[in-house]
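# Overview (structure and organization)
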Amino acid sequence: MFGTRTASGVRRGVAIVAAGLVSAVVATAAAAPAAAQVAVVDEAAAPTSTCAGAWDESVAYLGGATASHHGRNFVARWWTQRESPGATSAWTDAGACTGLESDFVISEAEFDAIFPQRDAFYTYQGLVDALAAYPRFANTGTDTMKTQEAAAFLTHADFESVGLRYVKEINSANYWIKCDYSQPFGCPAGQEAYYGRGPIMFSWNFNYKAAGDALGIDLLNDPWLVEQDPSIAWQTALWYWNTQNGPGVMTSHEAMIGGAGFGQTINSLNGALECAGGNPASVASRVARYEKITAILGVEPGSGLTC
C-alpha cells in the first residue's frame, strides 16, 4: 500500500490501513506524401499565456507551428501529424496556457456521472488543470487506450476516496505514523502532518518530498496544500500514477499503455496487500468499479483485469 512504501517503491515492513480506506498511492519525423490531401498549419508561436488552437490529429503541422493540448502550448519541431503533443518528441512544450476548453478524453458531464456525490473540493477543472503536469497521461495510443487509462486512474480515485467523498484520511489517530524520521529531511511540518490526502490518499513525508520536488511545489513543508488546492491534489495522484512502480514492476501508466491491463495498476498501488491472493475481495471491488466507469465512458475495459 502507498503508506508503506518509500518514494522509490521499496516496501517498509508493516502495512497500515486507515479507517476503512486502503491508502494507495507515472519519433521520428515522417515525410508527408506528396499527394496527401491534408490541412497544413504554419503559424507564428502564440504567447504561452494564451492557448493556441487545439491540436487536431487530422491536421498536418509544419515545423514551428503551434497547438495547445491539455492546457499547454506546444511547438512542432518538424512536420508532424497524428503525434500527440506531450507524448512524442515531435513537439516542444511551450508552457501552460489559458483560454481554451479542455480536450481531455473525459468530459465534465461524464466526470459528474462517475462521481455524482463527490465532495465539492474535487472539481473537474482541478483535474483538467493538473493534466499539464503529465501530458502523456490519457494521451498515448489510440482513443480507446487513452480512455481506458483515464478510467483506470479514476477507478482508483473512486475506490480510495470512496467516490471522492473524502479529502483526507478519516482516522486521525493514525496521522503520526506517516512520518518517517529516518529520512534525512525529517518531518518539518510536524509528525502528524503527512496523513493521506486527495483522490488516492497521498501520504508519508518521503512521498510529499519526492512529489513536491517533481512538481515544483514545497509539499514537505506545506503538505496541507494537497487538501486546499484541487489541482495540487490531482497532481499528486498523477505523480504516483505516472512515475512510481510502488510494489509492482511498472508504473500504472505503463501498465495501461503497454497492454498489461488494469490488474497491474492494482499491483503498482498495493502489491501483495491485494494481489496474489492478498485480498481478492478488494481486487474484485476495484475491477467492478472499473467496469462501471468504462461503461459510463462507452469503452471496453480490455484484458488483464485482475492481478
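Moving on, we come to the overall build of the protein. Helix and strand counts for the protein come out as 9 helices and 5 strands. Here the protein holds 307 residues, and the buried ones make up 53% of them. Roughly 12300 Å² of accessible area belongs to the protein as shown, and the carbon and sulfur atoms make up 53% of that amount.

Moving on, we get to the sheet that holds strand E4 (residues 72-76). Spatially, E3-E4-E5 is the arrangement adopted by the 3 strands of the open sheet, whose pairing is antiparallel. Only two strands of the sheet have a single partner each, and these edge strands are strand E3 (66-69) and strand E5 (91-96). Taking the axes of each pair of neighbouring strands and ignoring which way they run, one obtains an average angle of 30° across the sheet. As paired strands, E3 and E4 are joined by 4 bridges and run antiparallel to one another. The partner of His69 across the bridge, within E4, is Arg72.

A full pass over the atoms with the stated rule returns 3 disulfides. Each disulfide pairs two cysteine sulfurs, and for Cys51 the partner residue is Cys97, the sulfurs being separated by 2.1 Å. Given an S-S torsion of about 85°, the disulfide between Cys51 and Cys97 has right-handed geometry. Here Cys51 is found in the loop between strand E1 (40-41) and strand E2 (60-61), whereas its partner Cys97 is found in the loop between E5 and helix H1 (108-114), with 46 residues between them in sequence.

With that settled, the discussion passes to the environment of Gly186. The residue Gly186 is located in the loop between helix H3 (143-160) and helix H4 (205-215) in this model. Residues Gly186 and Asn205 lie 19 residues apart in sequence; the distance between their C-alpha atoms is 7.6 Å. Every residue in contact with Gly186, bar those within four places of it in the chain, is listed here: Tyr181, Asn205 and Leu220.

As a further point, take the pattern of salt bridges. All told, the structure shown has 10 salt bridges when counted by the stated rule. Glu160 is the salt-bridge partner of Arg286, the closest N and O atoms lying 2.6 Å from each other. Pair noted here: Arg286 is in helix H9 (residues 280-297) and Glu160 is in helix H3, with a separation of 126 residues, a long-range link. For the residue pair Arg286 and Glu160, the accessibility class agrees, reading buried in each case. The structure contains a network of salt bridges with shared partners spanning Glu160, Glu274 and Arg286.

Take the environment of Gln117 next. For Gln117, the position within the fold is in the loop between H1 and helix H2 (124-130). Distance in space between the C-alpha atoms of Gln117 and Arg165 is 6.9 Å, their sequence separation being 48 residues. What Gln117 contacts, discounting residues up to four positions off in sequence, is Gly163 and Arg165. A polar side-chain atom of Gln117 sits 2.4 Å from a polar atom in the side chain of Arg165.

A word on helix H6 (residues 230-243). Spanning 14 residues, H6 covers 20 Å between terminal C-alpha atoms, matching the ideal 20 Å at 1.5 Å per step. In terms of burial, H6 is largely enclosed, as 12 of its 14 residues are buried. The complete set of buried residues in H6 reads Ser231, Ile232, Ala233, Trp234, Gln235, Thr236, Ala237, Leu238, Trp239, Tyr240, Trp241 and Asn242. A distance of 2.9 Å separates the backbone nitrogen of Ser231 from a side-chain oxygen at the start of H6, and that oxygen is part of Asp229.

Let us now look at the packing of aromatic side chains. Per the counting criterion, the structure on display carries 17 aromatic pairs. Each member of the aromatic cluster is reached from another via a ring pair, and the members are Phe104, Phe111, Phe115, Phe121, Tyr122, Tyr124, Phe137, Phe153, Trp234 and Trp241. When the ring centre of Tyr195 is taken as origin, the NZ or CZ atom of Arg197, which lies over that ring, is 3.7 Å away.

The rules we used
Residues numbered from 1 in each chain as written. Predicted model: local features only at pLDDT ≥ 70, side-chain atom pairs only at ≥ 80, totals over all residues. Heavy atoms only, no water. Helix = DSSP H or I, 4+ residues; strand = E, 2+ residues; numbered from the N terminus. Buried < 20%, exposed > 50% of the residue type's maximum accessible area, 1.4 Å probe, protein only. Areas by Shrake-Rupley, 256 points an atom, 1.4 Å probe, with all protein chains shown as cover. Pairing = 2+ DSSP bridges. Axes fitted to C-alpha atoms, helices over the stretch in contact; angles between N-to-C directions. Disulfide = S-S within 2.5 Å. Contact = heavy atoms within 4.5 Å. Salt bridge = Lys/Arg side-chain N within 4 Å of Asp/Glu carboxyl O. Polar contact = N/O pair within 3.5 Å; in protein donor to acceptor, adjacent residues only side chain to side chain. Expected span 1.5 Å × (residues − 1). Phe/Tyr/Trp six-rings, centres within 6.5 Å; stacked < 30°, edge-to-face > 60°. Lys NZ or Arg CZ within 6 Å of the ring centre and 35° of its normal.

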